[in-house]
Each structure stands twice: as structure tokens, then as C-alpha cells.
Amino acid sequence: MAGAGQVQRNGVLTLSLPSLDEKDPLFTEKKRLSHARNLDFTFHLLLPSPIRKLLLILDEIVQAARILYLNDVEMYFMEVDDFGPFSQRNELESLNAVLQMLISMFSGANPHEMETLNELQKATIGKLNSIAVHPSEKVITEKVDMISEELLLKWGQTHGAKLKVTISYFEEANRGVMALEDINVGESALEIPESIIISEDLLCKSDMFKVLNEWDGMTTDTLLLLWSMRERYDPLSDFKNYFETLPDSFNTGLSFGISALTVLHGTLVFEELLQAKEHLRQQYDLLFPALCASYPNIFRTELFSWDHYLWACELWYSNSMKVIFSDGKLKTCLVPIAGLMNHSVSPHIIHYGRVDTETKSLKFQLARPCKGGEQCYLSYGSLSGSHLVTFYGFLPKGDNPYDIIPLDFEVPDADNSYSQAVESSRTSHMVRGTWFSSRNKPHIKYGLPPLLLTHLRSVLKKGDMEDPSMATEDDENEVSERALLETIISIFEPLMEGLGEMPDLDRDDLSWDVKLALEYKDLQRRIVSSVLSTCLAGLEIRGSI
Ligand SMILES: C[S@@+](CC[C@H](N)C(=O)[O-])C[C@H]1O[C@@H](n2cnc3c(N)ncnc32)[C@H](O)[C@@H]1O
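The chain is annotated in an unreviewed UniProt entry as SET domain-containing protein from Platanthera zijinensis.

This is the structure we're talking about:
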């Protein structure tokens, strides 16, 4: 998306957000939505304008930016008369785009324009500061051994890393990074030189690369995995300081034991975990013991066990980032120091994917301010709880808007009348906790996604067509609304039964994996229960129960 503001000399200030990107998979949807809402991405301001008017225009600009930066889940759950905010991620992205647009206009602006831009910038920063965030976790202050982390920081700084953060211990997430001073929007909390980022570029220097390049089916990702398995134990590694800060075990879902898996039986993540683990085991069996037998000097048996392989997989799943390097190539990499940042649904940093070609460093710039002494959080992406449990081994605090339960309906037969009755051709739908829609938005009906309701109404309408009644239109609407709610209940009641009763256990005595599995199941129950409650409340209003 390219765009900028533009200052004109005739008392009109033209503000332009980036235009819609045709490569965006949601391009058509976003175009339709902005038309339907009468929103443009260019705004003309008559100068001078009273502050009240400026703030009204700013609201409109933010509304347009929200559409520009919607992702597929946010778009799916969007209600007809809901203008946002849609999520913290979307809000941060939108407000930062507005800020960038304003900043780009300062040079070349005359005093009147400058005054207006200043007012708009102040109001945008005010909006950023007022985003409700989940409180930062507490730093553990008692003496914790941080020798390897301190060595890592020193090593990074000698290689040119610039840091406004340090490494600390936190209650839930183990290590994380803490701001040493107040850091403002746009400032970098960390700058990591490209030269100390671990990527495929290192592989060509390795003897592994020479022998494995010809190995059937070898990919760069597998090469990186194998490289890190050996590098971890190499006392002469250039990245010794980095490897020494890594934990002995990662505790992701891929390491769940039988008891935790038993807890998860009947949930989505259960299948996801089994499949992921099975896939990794197959990959391992394709490589070992063959590699150890063919190249015993490079692949020492004791370093390439299944447990070591799983450790390396968990390392890359939970710690790697995708970054565009200064040569323009997108590479999966491990970024020393920055790899210690934790994820939050209220992150400070949302974009960190491109090496700055001037400084040849990866900058972690803040999208919202972070106070000195607080943990500085990253966004790992718009990830669901099941993905976070499987590949990262945690569930974030606070409401995660991407915690969805997918619902796949059968594809209607193309040439029967049923398919014509189904207005939406979409067959994959989803729900999430209805608290996301109902909170502060009392006009929203049921808190269930409009696309799902439309789909089910169409299916039910078809059912009625086969059995035409003599009822009036009002009666019909009332009957179909009840049928809709009853249908949703009939989908979700078995799901709730499948999740079973909450066991009455003292969780402090449980192992990390069983605790996490129970936490995940609680979350699923909360989501399903919110859907059932909203439908039951709807039926009650209609006097049906
Ligand atoms: C990139 S590392 C971050 C550094 C990590 N905390 C450590 O001490 O090595 C990612 C891992 O940190 C943990 N983590 C990240 N964000 C978290 C959060 N919000 N709550 C709990 N654990 C978190 C998870 O174990 C995850 O797999």
C-alpha cells in the first residue's frame, strides 16, 4: 500500500491514506465495504478548521484506516452497523498509519497547515494512548540467575545492537524484555544488526550444507533445524552466547504427555497436535539413522536423537521470525535478544519484518508507547489459542479475538434448489466468544457473526419452502428466528457435552502440560457456553422457554 499526505497552497489540506492494495486477498470485500460506508481514503480539509471539525474528520480517517487494515477474521465478525474498533491489532495498525501519513506531511507545510497537522497528530497519539490494554506482567525481582542473558546482551552490543530494553524475569512467561526508559511511538526498543541474525545465509559456510545439498527432499528449513541441533553444543560456535540462553526444554504442545492429551480429547487442538507430532516423526525417520550412518563425523548419534530433533523443531516454531533481509529475500531466522520478547494481545510492536537497508539492522519500532519498567511485548501474529498452545505452549492473558471455533458446513449440491436458497456460497464459518460483540455494543443482535446467521437463515428458509405454511409474514419471521436459535443450540450443545464437566482439581499440583490443557479446555467451554447463553436468551425473549 503506498500513500501519503499532500499539502496544497489554496487553503485545502489533502490527506491520503495508502490506497487499497489489489494484491490484498480481501481487496474486493474492502472496496465494497468502503463504498457501502461512503468512506474514501483521501480527505480534503478546509483551512482553518475549528478543532471540533478536525476531530470529526479524524474519526472518519480512522474509520477508513480500520477497513484498510482488517484481516479475514476481523472482517468475518464485522457487524453491519459496527464502525470499530475491531481489535487491538487493527486499531494499532490503523492509528499508526494515520500517524505516518501526518508525519510525512510536516516537511513543506506552512504555519496554518503545521498547526492543523499538530492538532491531528496530538489527537491521534491521544487515541493510541487510550487503547485499553491488558496490564503488563510483574517483573520477578528476587535474585534470579541471569548470567547467560547478561552475556548475550553484552555480546549483542559489541556487535552493534542498540537497546532501550533489558532482559528480566516475568511471572508467567519466564524471560521477557523490559523497557529501561519511556519509549515513544515510532522509537525503536531494539535494533539488531543483520550480521548477528541466524538465517540460511550461515548454512553455506557449514560443512553440513556441502553434504546435504544433494540429499533427496532436503529443504532450507530442515537444514536450519539440523544446523541448530549441532550448533547448540559447539563450544566454538559464533552464536554460543545465543544458544546458552535457550532453555533445555520448550514446553510447547508438541511435548505434551499422555495426561495432557487425555484432557484435550474432544477438542480441536487434540487433532492438530497429533497430526503435527506425527508429521515431525515421519520427517525425523526419513533422516535418521540414515544421516548418522552416512556422515558419522557430521551427524554424531548422540546429538541427533528424536528428543534433540523435537527440541530444534520447538525452537524454530516458537522463536523464529520471518524477515526480509537487505538483499530483498524473505528468510526464516532466529534473532538474538529480540527472540526473548513475549507475545501479547495488547502488543507494543506489531511490525518487525524488514531489515532497514540504510542501517542494516532490524528495528523493533513501537506502535504504542511503553513506560520504563514495563514489559515490552511483541505480536507474534493474529494467532488462535490452539495454534499458540501447539507451537508456543501458552495462552495469552486477556481476550484473544482470534480464538475462534471453525464450523464447516457441507457444500450444497450445485444443481438443486437448495443451493439457490443458500444466499452465501461460503461453507466455512466460525464463532468466537459472544462477549466480543456484545461489549459496549448493545445494538448488536446475539453477538453471533452475521455471515453465519445469514447462512443458517438461508438453509432454514429452504426447509420452509418445502413445507409452505399459511402463516402471516410476522409469524413466519418469528418462527424462523426461533428455528435459527434452536439450530445453533443443536450445533453447540453436543460440542459442550463433548468438552465434558470441569474436573475439580487443585491445579497448583499439576504438571505444566496438564495445567495448560485444562486452561485451553476452559477457554473452549467459555466460548461454547457464551454462544448457548446468547441463543437461550434470544428464545426467552421470544417466550419460547
Ligand atoms: C520467543 S520466546 C520468548 C522468550 C521466552 N519467554 C523465554 O524465556 O525464552 C517464546 C516463548 O515465550 C513464552 N511466551 C511468550 N509470550 C507469552 C505470554 N504472553 N505468556 C506466557 N508465555 C509466553 C512461550 O513459552 C513461548 O513459546
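Student: With reference to specific residues and values, describe the sheet that holds strand E11 (residues 361-365).
Tutor: Within the open sheet, the four strands sit side by side as E4-E7-E11-E10. Their pairing is antiparallel. Each edge of the sheet is formed by a strand with only one pairing partner; in this case those strands are strand E4 (162-163) and strand E10 (355-356).

Student: Please set out the site of the ligand residue by residue, giving values where relevant.
Tutor: In the vicinity of the ligand, 18 residues are found, and the nearest of them are Ala173, Asn174, Arg175, Asn342 and Phe394. Only strand E6 (174-179) and helix H13 (306-319) provide two or more residues apiece to the shell around the ligand. The element that contributes the greatest number of residues to the shell around the ligand is E6, accounting for three residues. Of the residues that constitute the shell around the ligand, the class distribution is six nonpolar, ten polar and two charged.

Student: Describe the domain arrangement of the chain, and please don't skip the residues or the numbers.
Tutor: Parsing the chain into structural domains produces domain 1 (6-129), domain 2 (174-391) and domain 3 (405-541). Among the residues making up the side of domain 1 that touches domain 3, the classes are represented as three nonpolar, no polar and three charged.

Student: Could you give an account of the packing of helix H2 (residues 51-68) against helix H4 (residues 88-103), with specific residues and numbers?
Tutor: Running from N to C, H2 and H4 cross one another at 125°; their axes reach a closest spacing of 9 Å. With respect to H4, the axis of H2 lies oblique. Regarding H2 and H4, the two cross each other, and that crossing is right-handed. From H2, Ile61, Val62, Ala65 and Arg66 reach across to H4, where they touch Asn90, Ser94, Leu95, Ala97 and Val98.

Student: Explain the environment of Asn129 residue by residue, including any values.
Tutor: Take Asn129: it is sitting in helix H5 (residues 111-129). A C-alpha to C-alpha distance of 7.0 Å links Asn129 and Arg368, two positions 239 residues apart in sequence.

Procedures and definitions
- Residues numbered from 1 in each chain as written.
- Predicted model: local features only at pLDDT ≥ 70, side-chain atom pairs only at ≥ 80, totals over all residues.
- Pairing = 2+ DSSP bridges.
- Helix = DSSP H or I, 4+ residues; strand = E, 2+ residues; numbered from the N terminus.
- Near = placed C-beta within 6 Å.
- Nonpolar A, V, L, I, M, F, W, Y, C, P; charged D, E, K, R; others polar.
- Domains from an automatic or database assignment.
- Axes fitted to C-alpha atoms, helices over the stretch in contact; angles between N-to-C directions.
- Parallel < 35°, antiparallel > 145°, perpendicular 65-115°, else oblique.
- Left-handed = near helix turned anticlockwise from the far one by under 90°.
- Contact = placed C-beta atoms within 7 Å.

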